[in-house]
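Notes for the structure review
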Amino acid sequence: MFSRDTYTSRRAELRRRVTRGGIVLLPGNTESPANYPGNVYHFRQDSTFLYFFGLDLPGMAAVIDVDSGKETLFADDLSMDDIIWTGPQPSVAELAHRCGVADTRPLGDIAEVVTEAVRRGRTVHFLPPYRAENKLFLSKATGINVDALPNHISVELALAVVSLRDKKSDEEIAEIEEACRIGYMMHTTAMKMCRPGIMEREIAGAIEGIALQYGAGVSFTSIVSQNGETLHNHYYGNTLSEGRLLLVDAGAETVMNYCSDFTRTMPVSGKFTTRQKEIYDIVLAANDRAFELSSPGKLYRDIHLEACTVIAKGLTELGIMRGDPAEAVAAGAHALFMPHGLGHMMGLDVHDMEDIGEKYVGYDLETRRSTELGVSALRMGRRLQPGMVMTVEPGIYFIPAYIAKWKAEGLNAAFIDFETAERYFDFGGIRIEDDLLVTETGNRMLGQSRVPATTDRIEEFMAEYRG
Ligand code: GLY
């Protein structure tokens, strides 16, 4: 945990930003059963609860009375049976003291407190719930039908929380740096292990072990695949073969749950072919361009479009696209090869605050999320501000079914040479992802050492471990 002052000042600032009054209800997460009640998934605390209270235990909730300033932590002290099975824990009073909360009550009392506030016509501010248990709790306590809860979330609270969490303090940056250090070990381990004959799952298992060895585990399910054209590929059953590329998209959480997220693509044989190198260098140039451009006041949507223009230009030089690259990007033609956005915010969640809603996190009144091809998949489009942490993850993918669909529909035919693109059906995909901190004057790449990123450096690094 950070110091008590960190949490008390975060909550004081939250109270100042929720001007409509009422109570702010912040449920933590509970244990979640995997295949029977007693066999639970790895516990992950709600990130907003962590941000304001720092307590990483299941079965807690908090109420902040914005009008009186009173803060109450609701949780139960452990019974003897709990202690026998799960071991001792500090008392609820001690936990509350650690985060600067004076008042504690049993967890069972919270429904009554919320019901009473509703009865008295007070505003009950809550964020969009994403776990079934918290949806049921909120529905029962507020009397709002579960399906109608999204219509009753507090936009004021959502905006207040986002406005605090989107700019990282120095102590948060130090945690993210630690997550990057673990991420570096994960990715360099993948590079050391990558060779023909090894299975994807061997690499996935090794790198996920590192995340657990040095932190709280992975920040999302790792992508370790020689079918890198499938964006979120969680299948690890292939044996790596000569001539293919391996895409590894993985990150770690620190013990305080701050995240990292990196992607590297490497040649299974240890040497890129000319064709792989040509595509790789375009993606790396797009990544470089995003770092060149990222600074306070810049719209991340514009940086996304600039990176896409680098991709369109490179693919045009290879004859896969044609026409003017800027016009191609304006028409969304690059989306055939890069169907996702340039990046997202990162912090206590790898997609930071995505539970609160992209329309509040990645967009604002100036930059509403577009439905246009080429920008519709961008999770974050708004202006960068000092303290924001972003991922930068351009890619080029050859997805046979998608290329065939566009060809059949004649979509953007003026900008795509489908016959040339078809020659890349066996190529796979390349993504290169780094994490950046927006500074007062520009940006800084996070991580003490950069995971090898150029083709030369990757080949050199891989060669060192091949004997
Ligand atoms: N790197 C995984 C993701 O952004 O979803």
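A brief structural summary. (Residues numbered from 1 in each chain as written. Predicted model: local features only at pLDDT ≥ 70, side-chain atom pairs only at ≥ 80, totals over all residues. Heavy atoms only, no water.)

1. So, the nonpolar core
- Counting residues in each nonpolar core, the largest one holds 140 residues, and the members touching the most others are Leu-14, Phe-53 and Phe-337.
- For this core, the element with the highest residue contribution is helix H10 (residues 274-293), accounting for nine residues.
- Discounting chain neighbours no more than four positions away, the residues touching Leu-14 are Val-24, Phe-52, Ile-64, Leu-157, Ala-160, Val-161 and Leu-164. (Core = buried A, V, L, I, M, F, W, Y, C linked by side-chain atoms within 4.5 Å. Buried < 20%, exposed > 50% of the residue type's maximum accessible area, 1.4 Å probe, protein only. Helix = DSSP H or I, 4+ residues; strand = E, 2+ residues; numbered from the N terminus. Contact = heavy atoms within 4.5 Å.)

2. What to know about the packing of helix H1 (residues 4-17) against helix H7 (residues 155-165)
- The geometry of H1 relative to H7 is characterised by a closest axis approach of 9 Å and an angle of 140° between their N-to-C directions. Relative to H7, H1 is oriented oblique. Here H1 runs over H7; the crossing is right-handed. Every residue of H7 that contacts H1 at Arg-10, Glu-13, Leu-14 and Arg-17 is listed here: Glu-156, Leu-157, Ala-160, Val-161, Ser-163 and Leu-164.
- For the contact of H1 with H7, the per-class residue count stands at five nonpolar, one polar and four charged. (Axes fitted to C-alpha atoms, helices over the stretch in contact; angles between N-to-C directions. Parallel < 35°, antiparallel > 145°, perpendicular 65-115°, else oblique. Left-handed = near helix turned anticlockwise from the far one by under 90°. Nonpolar A, V, L, I, M, F, W, Y, C, P; charged D, E, K, R; others polar.)

3. So, the packing of aromatic side chains
- A complete count under the given rule lists 11 aromatic pairs for this structure.
- A centroid spacing of 5.4 Å and a plane angle of 70° characterise the contact between Phe-398 and Phe-427, whose relative ring orientation is edge-to-face. Of the two residues, Phe-398 is situated in the loop between strand E14 (395-397) and helix H14 (400-409) and Phe-427 in the loop between helix H15 (418-422) and strand E15 (429-431); the sequence distance between them amounts to 29 residues.
- Judged by its relative accessible area of 0%, Phe-398 is buried.
- For the pair Tyr-424 and Phe-427, a centre-to-centre distance of 5.9 Å together with 50° between the ring planes defines the contact as tilted. The two residues Tyr-424 and Phe-427 agree in class, both being buried.
- Put simply, the rings of Phe-337, Phe-398, Tyr-424 and Phe-427 touch in pairs and so form one group of aromatic residues.
- Positioned over the ring face of Tyr-51 is Arg-10, at 3.8 Å from the centre of the ring. (Phe/Tyr/Trp six-rings, centres within 6.5 Å; stacked < 30°, edge-to-face > 60°. Lys NZ or Arg CZ within 6 Å of the ring centre and 35° of its normal.)

4. Let's talk about the layout of surface pockets
- Each pocket or cavity is described by its volume, and for the largest pocket that value is around 720 Å³.
- As for the largest pocket, its lining consists of 28 residues, of which Arg-44, Arg-131, Ser-219, Glu-253 and Asp-349 are closest to the centre.
- Broken down by class, the residue content of the lining of the largest pocket amounts to 10 nonpolar, 10 polar and eight charged.
- The computed volume of the second largest pocket comes to approximately 470 Å³.
- Every element with two or more residues in the lining of the second largest pocket is listed here: helix H3 (80-86) and helix H4 (92-98).
- The element that contributes the greatest number of residues to the lining of the second largest pocket is H3, accounting for three residues.
- Among the residues making up the lining of the second largest pocket, the classes are represented as 10 nonpolar, four polar and four charged. (1 Å grid on protein atoms, 1.4 Å probe; cavity = no way out; pocket = protein on both sides within 12 Å on 5 of 7 lines; lining within 4 Å. Points joined across faces, edges and corners; volume = space filled by probe spheres on them.)

5. Considerations on the packing of helix H8 (residues 170-193) against helix H9 (residues 200-214)
- Close contact between H8 and H9 brings their axes to 9 Å; oriented N to C, the two are set at 155°. Taken together, H8 and H9 sit at an angle that is classed as roughly antiparallel. As H8 runs across H9, the sense of the crossing is right-handed. Residue-level contacts link Glu-178, Arg-181, Ile-182, Met-185, Met-186, Thr-189, Ala-190 and Met-193 of H8 to Glu-202, Ile-203, Ala-206, Ile-207, Ile-210, Ala-211 and Tyr-214 of H9.
- The residue makeup of the contact of H8 with H9, split by class, is 11 nonpolar, one polar and three charged.

6. Comments concerning helix H6 (residues 132-142)
- Of all the residues in H6, the buried ones are Asn-134, Phe-137, Leu-138, Ser-139, Ala-141 and Thr-142.
- Gly-143 lies just past H6 and shows a positive phi near 80°.

7. Comments concerning the site of the ligand
- Residues in close proximity to the ligand include Phe-220, His-232, Asp-249, Asp-261, His-344, His-351, Glu-393 and Glu-433, which together make up its full environment.
- In the model, an oxygen atom of the ligand is placed 3.0 Å from a nitrogen or oxygen of the His-232 side chain.
- Within the contact set of the ligand, an oxygen atom lies 2.8 Å away from a side-chain nitrogen or oxygen of His-351.
- Computed on the free molecule, the ligand has an accessible area of 200 Å², of which 93% lies beneath the protein chains in the complex.
- In terms of residue class, the shell around the ligand is built from one nonpolar, three polar and four charged. (Near = heavy atom within 4 Å. Polar contact = N/O pair within 3.5 Å; in protein donor to acceptor, adjacent residues only side chain to side chain. Areas by Shrake-Rupley, 256 points an atom, 1.4 Å probe, with all protein chains shown as cover.)

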